[in-house]
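In case you want the letters, here they are:
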Amino acid sequence: MKITLYLISLILFINPNASGQSDQAAINILDKFAANATGAPSVSMKFNFVTVDQAENAIDTLKGSVILSKDKYQLNLPDNIIWFNGETSWSYLPAEKEVTINKADKKDNSFQNRPSAIFSMYKSGYKCRLIEERSDSYIIDLYPEDIKSEILRVRILIGKQSMNLRSLEYKQRDGIIKTLHVTDYDLKQKPGPESFVYPQAKYKGVEVIDMR
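The present account deals with the structure reproduced in this document. Please read these numbers as outputs of a predicted model, since none were measured by experiment. (Residues numbered from 1 in each chain as written. Predicted model: local features only at pLDDT ≥ 70, side-chain atom pairs only at ≥ 80, totals over all residues. Heavy atoms only, no water.)

**Quick word on unusual backbone geometry**
For the record, the criterion: Each helix is a run of H or I in the DSSP string that is no shorter than four residues. Each strand is a run of E no shorter than two, and both are numbered from the N terminus. Partly exposed residues are those whose accessible area sits between 20% and 50% of the maximum for their type, while under 20% is buried and over 50% is exposed, using a 1.4 Å probe and protein chains only.
Phi angles above zero are rare outside glycine, and Lys70 is one such case at about 55°. By secondary structure assignment, the location of Lys70 is in the loop between strand S2 (58-69) and strand S3 (72-77). Look at Lys97: it is not a glycine, yet its phi comes out positive at around 50°. Secondary-structure assignment places Lys97 in the loop between strand S5 (88-93) and strand S6 (98-103). Residue classification places Lys97 among the partly exposed positions, given a relative accessible area of 40%.

**Here we look at the nonpolar core**
Threshold: In this text, buried Ala, Val, Leu, Ile, Met, Phe, Trp, Tyr and Cys residues form a nonpolar core when linked through side-chain atoms within 4.5 Å. Between two residues, a contact is recorded if the distance between any of their heavy atoms is within 4.5 Å.
Core analysis: the largest hydrophobic core is formed by 40 residues, its most contacted members being Leu30, Val43, Leu142, Val154, Ile156, Ile158 and Tyr185. Considering every element that reaches this core, the biggest residue donor is helix H2 (residues 24-38), with seven residues. Aside from chain neighbours lying at most four places away, what touches Ile158 is Ile29, Leu30, Phe33, Asp136, Ser137, Tyr138, Ile140, Met163 and Asn164. By size, the runner-up hydrophobic cluster in this structure holds nine residues, among which are Ile81, Trp83, Trp90 and Val99.

**Things to note about the packing of aromatic side chains**
Applicable threshold: Paired rings are identified among Phe, Tyr and Trp, the last through its six-membered ring, by centres lying within 6.5 Å, and are further divided according to the angle between planes into stacked (under 30 degrees), edge-to-face (over 60) and tilted (the rest).
Considering all chains together, one arrives at seven aromatic pairs under this definition. On the basis of an interplanar angle of 10° and a centroid distance of 5.6 Å, the ring pair of Tyr198 and Tyr203 is categorised as stacked. With a relative accessible area of 17%, Tyr203 lands in the buried category. Of the aromatic side chains, those joined through ring pairs into one cluster are Trp83, Tyr92, Tyr198 and Tyr203.

**Digging into the sheet that holds S5**
Whether parallel or antiparallel, the strands of a sheet pair through hydrogen bonds between backbone atoms. Note the cut-off: A pair of strands is considered paired only if DSSP assigns at least 2 bridges between the two. Note on geometry: axes are C-alpha line fits, over the in-contact stretch for helices, and angles between N-to-C directions span 0 to 180 degrees.
Here 12 strands make up an open sheet; going across it, the order is S7-S8-S9-S10-S11-S1-S2-S3-S4-S5-S6-S12 and the pairing mixed. Sheet topology places strand S7 (126-133) and strand S12 (207-210) at the edges, where each strand pairs with a single neighbour. Taken pair by pair, the neighbouring strands of this sheet meet at an average axis angle of 15°, ignoring direction. Sheet topology places strand S4 (residues 80-84) next to S5; four bridges connect them, and they run antiparallel. Counted as the bridge partner of Ile81 is Tyr92 from S5.

**Re the environment of Tyr185**
Its location among the elements puts Tyr185 in strand S11 (residues 176-186). A C-alpha to C-alpha distance of 7.9 Å links Tyr185 and Arg166, two positions 19 residues apart in sequence. For Tyr185, the residues in contact, after removing those within four places along its chain, are Phe33, Ala37, Val43, Ser44, Met45, Met163, Asn164 and Leu165.

**With respect to the pattern of salt bridges**
Rules: The working definition used for a salt bridge is a side-chain nitrogen of Lys or Arg within 4 Å of a carboxyl oxygen of Asp or Glu.
Per the stated rule, a full pass over the model turns up six salt bridges. The shortest N-O distance in the salt bridge between Lys160 and Glu133 comes to 2.9 Å. Highlighted residues: Lys160 in the loop between strand S9 (151-159) and strand S10 (165-172) and Glu133 in strand S7, separated in sequence by 27 residues. Residue classification places Lys160 among the partly exposed positions, given a relative accessible area of 24%.

**Some details on H2**
For the record, the criterion: Each residue after the first adds 1.5 Å to the expected span of a helix. The arc refers to the directions leading from the helix axis to the C-beta atoms.
In this model, H2 (15 residues) spans 21 Å end to end at C-alpha, consistent with the 21 Å of a helix rising 1.5 Å per residue. Residues of H2 that are buried include every one of Ala26, Ile27, Ile29, Leu30, Phe33, Ala34 and Ala37, and no others. Taken around the axis of H2, the buried residues stretch over an arc of 165°, which confines them to a single face. Looking at the buried positions of H2, the neighbouring elements they touch are strand S1 (43-53), S7, strand S8 (137-144), S9, S10 and S11.

What follows is the structure, given as structure tokens:
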């Protein structure tokens, strides 16, 4: 569950709490990226999530996928699947054969309750810089204004032609680097409401923990 929550926060660029001055060129690119995503029926991504611990000289990789549609999403990881339909979330743990049901808190604007906010989070709490413009992509760095943040830098790689997310890298103070490498980015899928609801009939013999 810990890696799931961290991955969710990584996908949303972290939830900032302060505003700052940024490179206008970087903001313009991020604005186009956000507009491209929010104007689509959904955002679907397949990814490899890589954790590098420089102190321990260790590397860990897991594969996953996520589909977002307004304030609904489905996140698939090897050890956890989450469905959220805007009102209710279901978190399924295959190893435990257990699903936990929670009701959304309307006052909570975190990813779990308002996933559409991921495309505007960069507008406050960070200083944004366009580091490099390549022939096919842009590299943009985001620096948290909170000096106590454990994150030193967030590096975003965006495709130039399609304005698609290619990678998202978090560099931490403790020497750990976590990177979301996007292997497939699709804005054409039109998921139905059932995509964001736990398919109870599919999972037999599962313990249900209803926290609503």
